[in-house]
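Secondary and tertiary structure notes
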Amino acid sequence: MPASSGGKARARGRTLADVYRRFGETEGEKGSPLYGQIAIALSESDEALRVIEAVPSRRRSPTLVLAALHDFALAGQSPALTAAFGVSNASEVTAPVAPLRGAASGDGPRSAAEVAVEVMVETGGLVLERVMGRKVRGDEGGRHAVLYPAVAEVARRVGARAVGLIEVGRAAGLNLVVDRVGISYGSGQLLGAADSAVQVSASVVGDGLVPSTAVPEVVARVAVGDELVDVTDADEARWLRACVPPDQVERSARLEAELALAAADPPEVVRGGVVEVLPEAIARVPDGVLPVVMTTWVLSSLGLEERLRFLQRLDEAATRRPVAWVSVEGVGVAPGVPTYGDRKASGHSVLGVSVFEHSSLHAAGVGRCWLRGEMLAWFADA
């Protein structure tokens, strides 16, 4: 019956409304005030919620839908939304979009939340096409402050004059430009390229000094994974930008600079499951060059058996030459890396350097880090 059908739709709408309202309240306080306002406005629009309900349930999350709206603005598909988001690098309009109701009403400027709701109601189908087959990639920035000293240290231990960097499991492979960024530490130390467009910082705790050894020449850069993003592809790079809320200006600017740096020297790409294709990736590094495999918070997505197989692949690749592994993983996640009595789920990660050579493994923990690498403690005796 029509009445019953409408009741069910309203019930689903209320459930979805609760999700968006809760997200908006949380995001407004902790993450992006702009996204918080938009999420709450969407939760209050029955028309917008009905549009969102038209996509599969796993595609209705606020983070994904908001990223789609941001992508829509970046692509220049809605000048009103582009202006409301403060987007300055939107591309030219690639398809005609119907004007929004009230766009020329003369009632004064509208908030970004009002514009976003109208875009969703009027052209939501086009917006939500962007969520199909995609996921939010809001954590793709490089972890240079913790990786740089670790890569330099493991190369020093092997005596390597050149390295080939292999990034495992990070979609955009932005850690691969670690040697081309500038890094400042709270201790006053400066590492890397002072003239780089990408400048990062990290606070330092404890008595250990971050080693000042420079990363040797990087002669190969290889990205490994089954969901890699081509940073030279305009659509894929734009989606990465869209996953950062537009009011997080500093974070957006850094991502923009990292993408430009990566696109200037794009990595080789080896697609597939990280355990299966790791040997191929290592083989891409020329003879006489130390392969340095880097993992940053990716091994926790693998089961214990797969992590042990990952370790085995590294060992197998070290029959002809040393292979190094730099790991930034939660306590107890990286097989073979000492935890020094730290408890799992302790709130920090262990920075490990491991060298595989002739069926032997030399692994050490050289530090701890917090806040995804924004705070670092280098072990004094590392």
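Worth saying up front: this structure is predicted, and the values here are computed from it rather than measured.

The next point concerns the packing of helix α4 (residues 62–74) against helix α8 (residues 234–242). In contact at an axis separation of 8 Å, α4 and α8 are set at 125 degrees when each is read in the N-to-C sense. On the basis of their axis angle, the class for α4 and α8 is oblique. Seen from above, α4 lies across α8 with right-handed handedness. Residues Leu64, Ala67, Ala68, His70, Asp71 and Leu74 of α4 lie in contact with α8, whose contacting residues are Arg238, Trp239, Arg241 and Ala242. Along the lines of polarity and charge, the residues of the contact of α4 with α8 split into 6 nonpolar, 1 polar and 3 charged.

So, about the nonpolar core. Leu165, Tyr185, Val292, Val326 and Leu351 are the most contacted members of the largest nonpolar core, which totals 54 residues. Ranked by residue count, the leading element in this core is helix α7 (residues 144–158), at 9 residues. The contacts of Tyr185, once residues within four sequence positions are left out, are Ala145, Pro149, Leu191, Ala202, Val204, Val210 and Leu376. Ranked by size, the runner-up nonpolar core spans 40 residues in total, among them Leu34, Ala48, Leu66 and Leu128.

If you trace the 11 strands from one edge of the open sheet to the other, you get β3-β2-β4-β11-β10-β9-β8-β7-β1-β5-β6, paired in mixed fashion. Each having just a single partner strand, β3 (190–192) and β6 (268–271) make up the two edges of the open sheet. Sheet twist, expressed as the average angle between the axes of neighbouring strands with direction ignored, equals 25 degrees. Summarising the sheet, strand β2 (residues 182–185) and β3 pair through 3 bridges and their orientation is antiparallel. Along β3, the bridge assignment pairs Ile183 with Leu191. Contacts from helix α10 (residues 274–283) reach β1 (162–168), β5 (217–225), β6, β7 (290–296) and β8 (323–330), with the element oriented near 155 degrees to β5.

So, on to the confidence of the model for the chain. Chain-level pLDDT for the chain is 89 on average; 91% of the residues reach the 70-or-more range. Across residues 1–13, confidence stays below pLDDT 50; counting only partners more than four residues off in sequence or on other chains, it has 4 contacts. Segment residues 90–106: pLDDT under 50, and 28 contacts once partners within four positions in sequence are set aside and those in other chains are kept.

The topology assignment puts Arg307 in helix α11 (residues 304–317). Judged by its relative accessible area of 15%, Arg307 is buried. Counting along the chain gives 62 residues from Arg307 to Cys369, while the straight-line C-alpha distance between them is 21 Å. There is a polar contact of 3.1 Å between the side chain of Arg307 and the backbone oxygen of Val333.

The tally for this structure, following the rule as stated, stands at 20 salt bridges. Ionic pairing is found between Arg21 and Asp18, a salt bridge with its closest N-O pair at 3.1 Å. Here Asp18 and Arg21 lie together in helix α1 (residues 2–30), a separation of 3 residues that amounts to about one turn. Judged by its relative accessible area of 36%, Asp18 falls in the partly exposed class. Each of the salt bridges in this network shares a partner with another, and the network as a whole consists of Asp71, Arg130, Arg134, Asp235 and Arg238.

What counts as what
Residues numbered from 1 in each chain as written. Predicted model: local features only at pLDDT ≥ 70, side-chain atom pairs only at ≥ 80, totals over all residues. Heavy atoms only, no water. Axes fitted to C-alpha atoms, helices over the stretch in contact; angles between N-to-C directions. Helix = DSSP H or I, 4+ residues; strand = E, 2+ residues; numbered from the N terminus. Parallel < 35°, antiparallel > 145°, perpendicular 65-115°, else oblique. Left-handed = near helix turned anticlockwise from the far one by under 90°. Contact = heavy atoms within 4.5 Å. Nonpolar A, V, L, I, M, F, W, Y, C, P; charged D, E, K, R; others polar. Core = buried A, V, L, I, M, F, W, Y, C linked by side-chain atoms within 4.5 Å. Buried < 20%, exposed > 50% of the residue type's maximum accessible area, 1.4 Å probe, protein only. Pairing = 2+ DSSP bridges. pLDDT = per-residue confidence, 0-100. Polar contact = N/O pair within 3.5 Å; in protein donor to acceptor, adjacent residues only side chain to side chain. Salt bridge = Lys/Arg side-chain N within 4 Å of Asp/Glu carboxyl O.

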